Amino acid sequence: MAEVTLEDVTKVYGEDVLAVDKMNLDIPDGEFVVFVGPSGCGKSTALRMIAGLEDISGGKVFIGDEVVNDLPPRDRDIAMVFQNYALYPHMNVRENMGFALKLRKMDKNEINRRVEDAARILSIEKFLDRKPKALSGGQRQRVALGRAIVREPKAFLMDEPLSNLDAKLRVQMRTEIAKLHNRIGTTSIYVTHDQTEAMTMADRIVVLKDGLVQQIASPQVMYENPNNIFVAGFIGSPAMNFIKARLERDNGGLVATFGGSRVPIGRDAVGEAKEWGKEPESFAGGEVILGIRPEHIEDVEFAEDGAAGGVMEAEPQVIESMGSEKYVYFEVPEEQAAHPRSTEVVDDAAEGDDEPDFGDLMVARVAAESRAKRGTGLRLAIDSTKVRLFDPETEESIL
């Protein structure tokens, strides 16, 4: 196992296509890090530079204490798992898993031991004599993982390994990969466009957009305290809602107003923002973007604090019953619509994300017992302690 470090790593295609821009990242030994972002954000390019499959235009990549910029992939002591499995069709599972070790001229008994140990970990012992064409997609992916495990590398690199699987199998396999990492503990870097995979698997998430790192944090920190509007809208399903609001001073505190609604901003939240070098009070008297996640908007009838945090009037356009809750989609007045549900997020939905796209509709996750009806007015309570504010110019977080 080894630490992986990127120092100002840059990739330029041709003369002016900047794929990755001065990426800095330190991955401690044994950590599971997920690169996530929309198509074309540079996540796979960054992974391929670590693997040695792409030349580095600038900066340094360290694996352990060694700079590996000029080392070929075979000398970096990493194992890569690809999206398309990359299994040899004429070899059985045992031969596929042990092939890299055979090329190293490793002792045959040691190869068999490693292959059988990996097969036992992945529960594919009974498939060792089968050819890939006789396996399901999930079984093939286990074989690809097994081929990586037997090498006992310093780091695992995984490039969207689950994207070819159906939704149910993706859920199962991401659990298996997480269990595998907990058992083996090898440094792992995983690339995906699926933010659910990132949230459920990662020790830390790296969000990229247009080749730039937007935020590096644990899943919970990133969910609760996104750096900017892009991260706030990309992480979370359904995505965070955004509304244009005006920030005013109110009895020594702050209040965000939009339409006929008023949402108080707690003094504790303002104080905490100041500790992090932000000055939300400097935006008083001007426009801000208010962000609130769907689970923090509830039917007033079922809100614990009633209207204490602020209330907005809504007219449901679409209602989805999820069994334990309902998703209520509704419009806000056009002048308050501030939905940076970016085209990148929509593109990801087109790539296979199961979340439907309702354009500029906002969404609330309300109690299953709510009597919300399409086309009938509904009062929704906002949990003001969960509100986030963003600068409309820079789109950076100010709260």
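Everything numeric in this text was worked out from a predicted model, so none of it was measured.

1. What to know about the overall build of the protein
When helices and strands are counted, the protein shows ten helices and 21 strands. Taken over the C-alpha atoms alone, the protein extends approximately 75 × 45 × 35 Å along its principal axes. Residue burial in the protein is summarised as follows: out of 399 residues, 50% are buried. Approximately 18,800 Å² of the protein is accessible, and the part contributed by carbon and sulfur atoms is 45%. Here the protein contributes 48 positively and 69 negatively charged side chains, and the mean placements of these two sets differ by 8 Å.

2. Thoughts on the sheet that holds strand 18 (residues 325-330)
Read from one edge to the other, the open sheet built from three strands follows the order 17-18-19, with strand pairing classed as antiparallel. Bordering the open sheet on either side are strand 17 (316-321) and strand 19 (362-367), each of which pairs with just one other strand. Averaged over all pairs of adjacent strands, the angle between their axes in this sheet comes to 25 degrees, without regard to strand direction. Strand direction decides the pairing type here: strand 17 and strand 18, joined by five bridges, are antiparallel.

3. Describing the pairing of strand 20 (residues 378-382)
Summarising burial for strand 20: four of the five residues are buried, a large majority. Here strand 15 (residues 297-299) runs beside strand 20; their pairing, made up of three bridges, is antiparallel. Along strand 20, the bridge assignment pairs Glu-298 with Ala-381. Relative to strand 20, strand 16 (residues 311-314) is paired through four bridges, and the arrangement is antiparallel. Opposite Val-311, over in strand 20, you have Ala-381 as the bridge partner.

4. Section: the packing of aromatic side chains
Counted according to the given criterion, the structure contains four aromatic pairs. Plain terms: the ring middles of Tyr-88 and Phe-99 are 5.1 Å apart, the flat faces sit at 70 degrees to each other, and that makes the pair edge-to-face. Of this pair, Tyr-88 sits in the loop between strand 6 (78-81) and helix 2 (93-103) while Phe-99 is found in helix 2, placing the two residues eleven residues apart along the sequence. According to the relative accessible area criterion, Tyr-88 is partly exposed, its value standing at 34%. Arranged with centres 6.0 Å apart and planes meeting at 65 degrees, the rings of Phe-242 and Phe-390 form a pair that is edge-to-face. One end of the pair, Phe-242, is in strand 11 (residues 241-250); the other, Phe-390, is in strand 21 (residues 388-390), with 148 residues separating them in the sequence. Residues Phe-242 and Phe-390 agree in their burial class; the two are buried. Across from the ring centre of Tyr-223, 4.0 Å away, lies the NZ or CZ of Arg-293, which sits over that ring.

5. Brief notes about the environment of Thr-196
Looking at the element boundaries, Thr-196 is found in helix 6 (residues 195-201). In this structure, the C-alpha to C-alpha distance between Thr-196 and Ser-237, residues 41 residues apart in sequence, is 7.8 Å.

6. Considerations on unusual backbone geometry
With an omega dihedral of -5 degrees, the bond running from Ser-237 to Pro-238 counts as a cis peptide bond. In this fold, Pro-238 is placed in the loop between helix 8 (229-234) and strand 11. Positive phi outside glycine occurs at Asp-8, with the angle close to 50 degrees. Structurally, Asp-8 is set in strand 1 (residues 4-13). By relative accessible area, which is 40% here, Asp-8 ends up partly exposed. For Glu-395, which is not glycine, the phi dihedral falls at a positive 65 degrees. Positionally, Glu-395 belongs in the segment after strand 21. Judged by relative accessible area, which is 34%, Glu-395 ranks as partly exposed.

7. A closer look at the confidence of the model for the protein
Averaged over the protein, the pLDDT score is 88; the fraction of residues at 70 or greater is 92%. This stretch, residues 340-358, has a pLDDT under 50; its non-local contacts, to residues over four places away or in other chains, come to 37 contacts.

8. Re the packing of helix 2 against helix 3 (residues 108-122)
At a minimum axis distance of 10 Å, the contact between helix 2 and helix 3 shows a crossing angle of 135 degrees. Overall, the two elements helix 2 and helix 3 adopt an arrangement that is oblique. Crossing of helix 2 against helix 3: the hand is right-handed. When helix 2 is examined against helix 3, the residues Arg-94, Met-97, Gly-98, Leu-101 and Lys-102 are found in contact with a partner set consisting of Ile-111, Asn-112, Arg-114, Val-115, Glu-116, Ala-118 and Ala-119.

9. Considerations on the nonpolar core
Counting residues in each nonpolar core, the largest one holds 46 residues, and the members touching the most others are Met-97, Met-158, Ile-177, Tyr-190, Val-207 and Ile-235. If you look at the next biggest cluster of nonpolar residues, it comprises 30 residues, including Met-312, Val-328, Val-332 and Leu-378.

10. Regarding helix 5 (residues 167-184)
Helical periodicity: at 3.6 residues per turn, an α-helix aligns residues three or four positions apart in one direction. When the terminal C-alpha atoms of helix 5 are compared, their 26 Å separation across 18 residues agrees well with the 26 Å that a helix rising 1.5 Å per residue should span. When we look at burial in helix 5, the residues that qualify are Leu-169, Arg-170, Met-173, Arg-174, Ile-177, Leu-180 and His-181. Summarising the axial view, the buried residues of helix 5 lie within an arc of 135 degrees, below the 170-degree limit, and thus occupy one face. Away from its buried face, by an angle of more than 90 degrees, helix 5 presents the exposed residues Lys-168, Asn-182 and Arg-183. Those residues of helix 5 that are buried are in contact with strand 3 (32-36), helix 3, helix 4 (137-149), strand 7 (155-159), strand 8 (187-192) and helix 6. Capping the start of helix 5 is the job of one residue whose side-chain oxygen sits 3.2 Å from the backbone nitrogen of Lys-168: Asp-166. Downstream of helix 5 by a residue or two, Gly-185 has a phi angle that is positive, lying close to 75 degrees.

Quick notes on the rules
Residues numbered from 1 in each chain as written. Predicted model: local features only at pLDDT ≥ 70, side-chain atom pairs only at ≥ 80, totals over all residues. Heavy atoms only, no water. Helix = DSSP H or I, 4+ residues; strand = E, 2+ residues; numbered from the N terminus. Buried < 20%, exposed > 50% of the residue type's maximum accessible area, 1.4 Å probe, protein only. Areas by Shrake-Rupley, 256 points an atom, 1.4 Å probe, with all protein chains shown as cover. Lys, Arg positive; Asp, Glu negative; His and termini not counted. Charge placed at Lys NZ, Arg CZ, Asp CG, Glu CD. Pairing = 2+ DSSP bridges. Axes fitted to C-alpha atoms, helices over the stretch in contact; angles between N-to-C directions. Phe/Tyr/Trp six-rings, centres within 6.5 Å; stacked < 30°, edge-to-face > 60°. Lys NZ or Arg CZ within 6 Å of the ring centre and 35° of its normal. pLDDT = per-residue confidence, 0-100. Contact = heavy atoms within 4.5 Å. Parallel < 35°, antiparallel > 145°, perpendicular 65-115°, else oblique. Left-handed = near helix turned anticlockwise from the far one by under 90°. Core = buried A, V, L, I, M, F, W, Y, C linked by side-chain atoms within 4.5 Å. Expected span 1.5 Å × (residues − 1). Arc of directions from axis to C-beta. Polar contact = N/O pair within 3.5 Å; in protein donor to acceptor, adjacent residues only side chain to side chain.

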